[in-house]
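# Inside the fold
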Amino acid sequence: MKKITKEVYLKWYEDMLFWRKFEDKLAAVYIQQKVRGFLHLYNGQEAVLAGSLHAMDLTKDRMITAYRNHVQPIGMGVDPRRVMAELYGKVTGTSRGMGGSMHIFSKEHRFYGGHGIVGGQIPLGTGLAFGDKYFKRDSVTLCYMGDGAVRQGALHESFNLAMLWQLPVVFICENNGYAMGTSVARTAHTTDIWKLGLGYEMPCGPVDGMDPAAVAKEVDKAVERARTGGGPTFLEMKTYRYRGHSMSDAQHYRTKEEVEEYKKIDPITQVKDIIFEKGYATEDEIKDIDQKVKDLVDECEKFAEESDFPPIEQLYDVVYEQENYPFLPHKL
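Residues numbered from 1 in each chain as written. Predicted model: local features only at pLDDT ≥ 70, side-chain atom pairs only at ≥ 80, totals over all residues. Heavy atoms only, no water.

## Brief notes about the side chain of His245
Take His245: it is sitting in the loop between strand S7 (233-238) and helix H8 (256-263). The contacts of His245, once residues within four sequence positions are left out, are His40, Tyr67, Arg68, Met180 and Tyr253. (Helix = DSSP H or I, 4+ residues; strand = E, 2+ residues; numbered from the N terminus. Contact = heavy atoms within 4.5 Å.)

This is the structure:
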């Protein structure tokens, strides 16, 4: 695995803080009705992404996830201004304002969504890995899902084929404790989700999803196994979300005390503590990073606010083009 150095910890701190503040801004503008529809925030789960990115080769590996998908494309290299513009429904967005919160997408940066159907991304991620094996590409697909999605039949069909064909895919369950408002204990006899891999003899196990170093270590093993022909892995990231399932979630299923208890192991705080313990940065240097993050979030908001909404003609450009019907010429 690539060494976890001073520079890595400083990058983790800056990235995770930016992702958190970026989504805090989204929550604020959502209340102002500048962002519409559903809005599912990632607050608390940032270590899963930070650790995963450290283990990936961003020049060729792919990522696909569910609808809690705003910060993953940023981590993969997508311009955060375009991500925020997409949430605003603006033409400068990643999908020209027509995808919205749950459907961020970037083929250029190998981020394949952003899927609103629960578990819908699991067979698609398996298919991406199949394509890589078929065409003999040296790539690995990381396919993420929530703890609610593992109850879908598509997961079991995908696990079966992935093992049968030894596909280069890493399945990652981000278990934040609640499928919307339903705890894992109420949906299955066993709360150890990782054990689902045992039925397929798939390498599997639990991971501390609040520690990016722990995530990086286990994802690195899984990615290496996949890249060298060893087939898929299933990892259960034990994490927690500090906000509701979506912005409309009243969170009656948990107490404020529970949330505060989990905030004691906030991944951003954990990383900052290590930075200070190891002398990787001073208080003033951390303040400089904090200001840099704030300025970038403000820049993203300004870009989204000042961008135009897509023209009505765009509706025709993104459907299909018919050769013998030249009355709706495409411009895209």
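## Description of the pattern of salt bridges
Using the criterion set out here, one finds 21 salt bridges in the structure. The salt bridge involving Lys195 is made with Asp192; its shortest N-O contact spans 3.3 Å. Classification of Asp192 by relative accessible area gives partly exposed; the value is 25%. Several salt bridges converge on common partners, so that one network encompasses Arg20, Glu46 and Asp266. (Salt bridge = Lys/Arg side-chain N within 4 Å of Asp/Glu carboxyl O. Buried < 20%, exposed > 50% of the residue type's maximum accessible area, 1.4 Å probe, protein only.)

## Observations regarding the pairing of S7
For S7, a buried count of five out of six residues is recorded, marking the element as mostly surrounded by other parts of the structure. Sheet analysis places strand S3 (residues 169-175) next to S7, joined by six bridges and oriented parallel. Counterpart to Val170 in the pairing with S7 is Thr233. Pairing between strand S6 (residues 204-208) and S7: five bridges, direction parallel. For Gly205, the partnering residue across the bridge sits in S7 and is Leu235. Read from S6 through helix H7 (residues 212-227) to S7, the crossover connection turns out right-handed. (Pairing = 2+ DSSP bridges. Right-handed = clockwise from strand over helix to strand, strands pointing away.)

## Some remarks on the nonpolar core
Among the nonpolar cores identified, the biggest contains 62 residues, and Trp12, Trp19, Leu142, Val219 and Ile275 are the most heavily contacted of them. Looking at this core, the element that brings in the most residues is helix H1 (residues 6-31), giving 13 residues. Not counting residues within four places of it along the chain, the set of residues in contact with Ile275 comprises Tyr9, Leu10, Tyr13, Tyr280, Ala281 and Ile286. Among the nonpolar cores identified, the runner-up in size contains 21 residues, and Ile122, Phe159, Ala162 and Val184 belong to it. (Core = buried A, V, L, I, M, F, W, Y, C linked by side-chain atoms within 4.5 Å.)

## Remarks on unusual backbone geometry
Geometrically, the link from Gly113 to Gly114 is a cis peptide bond, its omega value of 15° lying close to zero. Relative to the assigned elements, Gly114 resides in the loop between helix H4 (80-88) and helix H5 (121-134). In this structure, Gln166 takes a positive phi of about 50° despite not being glycine. In this model, Met180 sits at a positive phi of 60°, which is unusual for a non-glycine residue. Structurally, Met180 can be placed in the loop between strand S4 (178-179) and strand S5 (182-183). Its relative accessible area of 52% is what places Met180 among the exposed residues.

## Some thoughts on the side chain of Arg110
As for its position among the elements, Arg110 is in the loop between H4 and H5. In this structure Arg110 is buried but unpaired, with Asp57 as the nearest side chain of opposite charge at 7.1 Å. Sequence-distant contacts of Arg110, that is, excluding residues within four places in its chain, are made with Leu58, Thr59, Lys60, Asp61, Arg62, Met63 and Met76. (Lys, Arg positive; Asp, Glu negative; His and termini not counted.)

## Looking at the environment of Arg137
As for its position among the elements, Arg137 is in the loop between H5 and strand S2 (141-146). Accessibility expressed as a relative area gives 39% for Arg137, which makes it partly exposed. Placed 76 residues apart in sequence, Arg137 and Asp61 show a C-alpha to C-alpha distance of 9.9 Å. Discounting chain neighbours no more than four positions away, the residues touching Arg137 are Arg62, Gly131 and Asp132. At 3.4 Å, the side chain of Arg137 forms a polar contact with the backbone oxygen of Gly131. Polar side-chain contacts of Arg137 include one of 2.7 Å to the side chain of Asp132. (Polar contact = N/O pair within 3.5 Å; in protein donor to acceptor, adjacent residues only side chain to side chain.)

## Some points on the pairing of S3
For S3, the tally of buried residues reaches seven of seven residues, placing the bulk of the element in the interior. A two-sided burial pattern is seen for S3, the buried positions comprising Val169, Phe171, Cys173 and Asn175 on one face and Val170, Ile172 and Glu174 on the other.

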